[in-house]
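Listed here are the chains, written in short residue letters.
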Amino acid sequence: MTVRTRIAPSPTGAPHIGTAYIALFNRAFAKHHGGQFILRIEDTDQVRSTSESETAIFDALRWLGLDWDEGPDVGGNYGPYRQSERTDIYREHAAKLVASEHAYPCFCTADRLVAVRREQELNQQRIGYDGHCAGLDPAEAARRVAAGEPHVIRLRTPDTGICKIADQFRGEIEIEWETVDDQILMKGDGFPTYHLANVVDDHLMEITHVIRGEEWISSAPKHLLLYEAFGWQAPVLAHLPLLRNPDKSKLSKRKNPTGILYYRQAGFLPKAILNYLGLMAYRPEGDLEIFDFATMVSSFDFNRVSLGGPIFDVQKLRALNGHYIRELTDTDLLESLKSWLLHDATLLDVVRMSQPRLEQLADFVPMIAYLFADGVPLDPVDIDKAGKESGKAAEWIQFVQWEFERLQRWQADDIRACFERVAEQEDVKLKIFLGVFFRAFSGRAVALPLFDSLVWLGRDMALRRLQYAQEALREAGVGLSGKALKRLEKSYRERYVEEGGQDG
RNA sequence: GCGCCCAUCGUCUAUCGGUUAGGACUCCAGGUUUUCAUCCUGGCAAGAGGGGUUCGACUCCCCUUGGGCGUGCCA
């Protein structure tokens, strides 16, 4: 049996450093056994998935050297590797489950579900679906489905007994069936949920080992039950500890740079990132900290994986990166610099932006420096003063951060529209408004054209700069307090997000 | 609230019953260097608490505490 592992990111937003972390372990394990590592795109969330994000995932993982043997863009014998192209397969399998009564159609409305949950919260009961439609007569349910009544398909879970999960890192985990509710398998839109799709695909793609984040432990029983219902052999499960923010919460973009592309733009080396990510839960042997992917592959051992939730410490990553930079020969470093950003294609953009403003060639480098930096020296007092009144700058920056995250495409026109929208909402002249942002992004009141600069920097770096600015403002006492941030978020939702809750 | 996971310096970790509890990052001091950085040397700094098991527990078991995740027609 050849070992096959996979990474299955969903293309929503910027490719996450956590995805690289999980991918690294999966790839290292597969390669240790001479097996294959597969990339599967989990785009079953029609609302949030974008092709821009999918491309960015390919780009980011490949840059890190985490190549895949099979995937949407390289093909393979188990395709298609994009879940949105496999909907027939899921529908078919869901139908089988309904036929065997391992699953059932549910006609409950979203309103009823909310009401049920609220009552459970009130009575301090366990939260979960109450099984309202589980007892429906199958024939009757089938008639209603045939009549076109809106419905979802739910998994029928046992009411008693315990589910034993053989986690390769943690040993046996026991979860009582009573605590797992009837999970939705097929959504009202005809798309599967993660639970169904991931089980069906892992089986069909002959995945032998599923190494994923510990956030999945509590849904493992549902997955195991599905394998059983289909009469399939379940893959080996292993749950890695989650990467954390300095405050120990799950790593999030609000508190940290989480975009892989940020790290590329900021000049981190792939081998340093891989080494650091490996360090988060693995040591090849004893005190060995500096190691490459090949060492991780050859030494890979489930017993050497540590389980404490590691805090992602950019400072240590930086130190490690410095180590690798120093290890390069001068010509290799020059090549690294060139392939990073100092090549003709990117330089030409910068040349075009700067030309109208140049009086001497010597003006060039100082003028463009902020485009090649991670952070720039900031004057928080000056930034704050650029706002209409003290405190406004921090608010404006926050609104723009949220708008940037929601932007579908990262292009000059969209970015411009984004600034115009916020300036209008905040009732401030664009010229005044942008003053804050020239300072936040470049550290100066004047710089090259803002929107083009942002396109050039990339979304992840743009967001990072705003994060730096917020930190500086906070330190200077003119930033957003926790309370103010909460208030602002509410105001943002009301005024900017037309309808429905947005994700976090 | 309920379920599950986790627990060694500030941070990442080594230790798989017997160690002065080791290394790395950070910080501090000193040395090399025209400055800085690098590099070298040294230093500060840890087994959450309480019960067991054992001749002997950081290590095994239980409880408490703390933290995390889950509790979505998101993944």
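Residues numbered from 1 in each chain as written. Chains lettered and ligands numbered in written order. Predicted model: local features only at pLDDT ≥ 70, side-chain atom pairs only at ≥ 80, totals over all residues. Heavy atoms only, no water.

1. Digging into the overall build of chain A
A count of helical and extended segments in chain A gives 21 helices and nine strands. Since a compact globule built from 504 residues should have a radius of gyration of about 23 Å, the 25 Å found for chain A is in line with a globular shape. Along the longest, intermediate and shortest principal axes, the C-alpha atoms of chain A span 80 × 55 × 40 Å. Across the 504 residues of chain A, 49% fall into the buried class. Long-range pairs, those at least 24 residues apart, make up 75% of the contacts in chain A with a sequence separation of at least 6. Roughly 24400 Å² of accessible area belongs to chain A as shown, and the carbon and sulfur atoms make up 51% of that amount. Placing the 61 positive and 74 negative side-chain charges of chain A at their respective mean positions leaves the two points 3 Å apart. (Helix = DSSP H or I, 4+ residues; strand = E, 2+ residues; numbered from the N terminus. Rg over C-alpha atoms; globule rule 2.2 N^0.38 Å. Buried < 20%, exposed > 50% of the residue type's maximum accessible area, 1.4 Å probe, protein only. Contact = heavy atoms within 4.5 Å. Areas by Shrake-Rupley, 256 points an atom, 1.4 Å probe, with all protein chains shown as cover. Lys, Arg positive; Asp, Glu negative; His and termini not counted. Charge placed at Lys NZ, Arg CZ, Asp CG, Glu CD.)

2. Observations concerning helix α20 (residues 459-475)
Between its first and last C-alpha, α20 extends 25 Å over 17 residues, near the 24 Å set by a 1.5 Å rise per residue. In terms of burial, α20 is a largely internal element, 14 of the 17 residues being buried. (Expected span 1.5 Å × (residues − 1).)

3. A word on unusual backbone geometry
Residue Gly 79 is joined to Pro 80 through a cis peptide bond whose omega torsion reads -10 degrees. Note that Pro 80 resides in the loop between α2 (51-64) and α3 (87-99). Here the phi dihedral of Glu 101 falls at roughly 60 degrees; this positive angle occurs in a residue that is not glycine. Here Glu 101 is to be found in the loop between α3 and β3 (103-106). Given a relative accessible area of 42%, Glu 101 falls into the partly exposed group. In this structure, Lys 248 is a non-glycine residue whose phi angle is positive, near 80 degrees. Positionally, Lys 248 belongs in the loop between β9 (236-240) and α8 (260-265).

4. Description of the side chain of Ser 53
Mapped onto the elements, Ser 53 comes out in helix α2. Here the side chain of Ser 53 touches Gly 13 through a polar contact of 2.7 Å, landing on its backbone oxygen. Not counting chain neighbours up to four residues away, the residues in contact with Ser 53 comprise Pro 11, Thr 12 and Gly 13. (Polar contact = N/O pair within 3.5 Å; in protein donor to acceptor, adjacent residues only side chain to side chain.)

5. Some words on empty space enclosed by the protein
According to the stated counting rule, one finds one cavity of 30 Å³ or more in the structure shown. For the largest cavity, the calculated volume is near 30 Å³. If you go around the largest cavity, the residues you meet are Asn 198, Val 199, Asp 202, Val 210, Arg 212, His 223, Tyr 227 and Leu 237. Counting residues per element, the ones that place at least two in the lining of the largest cavity are α6 (194-204), β8 (209-213) and α7 (220-230). The element best represented in the lining of the largest cavity is α6, accounting for three residues. By residue class, the composition of the lining of the largest cavity is four nonpolar, two polar and two charged. (1 Å grid on protein atoms, 1.4 Å probe; cavity = no way out; pocket = protein on both sides within 12 Å on 5 of 7 lines; lining within 4 Å. Points joined across faces, edges and corners; volume = space filled by probe spheres on them. Nonpolar A, V, L, I, M, F, W, Y, C, P; charged D, E, K, R; others polar.)

6. With respect to the domain arrangement of chain A
Domain boundaries in chain A define domain 1 (4-84 + 243-319), domain 2 (86-190) and domain 3 (380-497). A separation of 30 Å is found between the C-alpha centroids of domain 1 and domain 3. Across the boundary between the two partners, domain 1 contributes 14 residues, which contact 14 residues of domain 3. Here domain 1 meets domain 3 over a buried area of about 1100 Å², counting both sides, of which 42% is carbon and sulfur. When the buried area of domain 1 at its contact with domain 3 is split by residue, Arg 254, Tyr 262 and Gln 265 rank highest and sum to 49% of it. (Domains from an automatic or database assignment. Buried area = accessible area lost by both parts, 1.4 Å probe.)

7. Description of the packing of aromatic side chains
Enumeration over the complete set of coordinates arrives at 30 aromatic pairs. Centre to centre, the rings of Tyr 276 and Phe 312 are 5.3 Å apart; their planes meet at 85 degrees, and the pair counts as edge-to-face. One end of the pair, Tyr 276, is in helix α9 (residues 270-279); the other, Phe 312, is in the loop between α10 (293-299) and α11 (314-327), and 36 residues separate them in sequence. Of the residues examined, Tyr 276 reaches a relative accessible area of 2% and is grouped as buried. On the basis of relative accessibility, which here comes to 2%, the residue Phe 312 falls in the buried class. (Phe/Tyr/Trp six-rings, centres within 6.5 Å; stacked < 30°, edge-to-face > 60°.)

8. Observations regarding the protein's contact with RNA strand B
Neighbouring RNA strand B are 49 residues; Arg 170, Lys 187, Met 280, Asp 287 and Glu 289 lie closest to it. Of all RNA strand B atoms lying within 4 Å of any protein atom, the proportion belonging to sugar or phosphate reaches 77%. Residue Ile 311 places a main-chain N or O atom 3.1 Å away from a phosphate oxygen belonging to RNA strand B. A distance of 2.9 Å is found between a base nitrogen of RNA strand B and a side-chain nitrogen or oxygen belonging to Lys 316. Within the residue set of the surface near RNA strand B, elements represented by two or more residues are β6 (171-176) and α11. (Near = heavy atom within 4 Å.)

9. Regarding the packing of helix α1 (residues 17-32) against α9
In contact at an axis separation of 10 Å, α1 and α9 are set at 75 degrees when each is read in the N-to-C sense. If you check the angle between α1 and α9, you find them roughly perpendicular. On α9, the residues that touch Ile 17, Ala 20, Tyr 21, Leu 24 and Phe 25 of α1 are Ile 273, Leu 274, Leu 277 and Gly 278. Here the contact of α1 with α9 is composed, by residue class, of eight nonpolar, one polar and no charged. (Axes fitted to C-alpha atoms, helices over the stretch in contact; angles between N-to-C directions. Parallel < 35°, antiparallel > 145°, perpendicular 65-115°, else oblique.)

10. With respect to the pattern of salt bridges
Summed over all chains, the structure comprises 35 salt bridges. Among the charged side chains, a salt-bridge network with shared partners connects Arg 6, Arg 40, Glu 42, Arg 86, Asp 201 and Asp 202. (Salt bridge = Lys/Arg side-chain N within 4 Å of Asp/Glu carboxyl O.)

11. Some thoughts on the environment of Asp 159
Topologically, Asp 159 is positioned in the loop between β4 (152-155) and β5 (162-167). Asp 159 gets classed as exposed once you look at its relative accessible area, which sits at 64%. Separated by 22 residues in the primary sequence, Asp 159 and Asp 181 have C-alpha atoms spaced 8.8 Å apart.

12. Focus on the pairing of strand β1 (residues 4-7)
Working note: regular strand, side chains alternate between the two faces of the sheet. Residue alternation in β1 divides its side chains into two sets, Arg 4 and Arg 6 and Thr 5 and Ile 7, and both sets are buried. Bridging between β1 and strand β2 (residues 36-39) involves four bridges; their strand directions are parallel. Counted as the bridge partner of Ile 7 is Leu 39 from β2. Taken together, β1, α1 and β2 form a β-α-β motif whose crossover is right-handed. (Pairing = 2+ DSSP bridges. Right-handed = clockwise from strand over helix to strand, strands pointing away.)

13. A look at the sheet that holds strand β7 (residues 184-186)
Strand order across the open sheet formed by three strands is β3-β4-β7, with antiparallel pairing between neighbours. Edge positions in the open sheet fall to β3 and β7, since each of these has one partner strand only. Within the sheet, the average angular offset between the axes of one strand and its neighbour, ignoring direction, is 45 degrees. By the bridge criterion, four bridges tie β3 to β4 in an arrangement that is antiparallel. Within the sheet, the bridge partner assigned to Ala 103 lies in β4 and is Leu 155.

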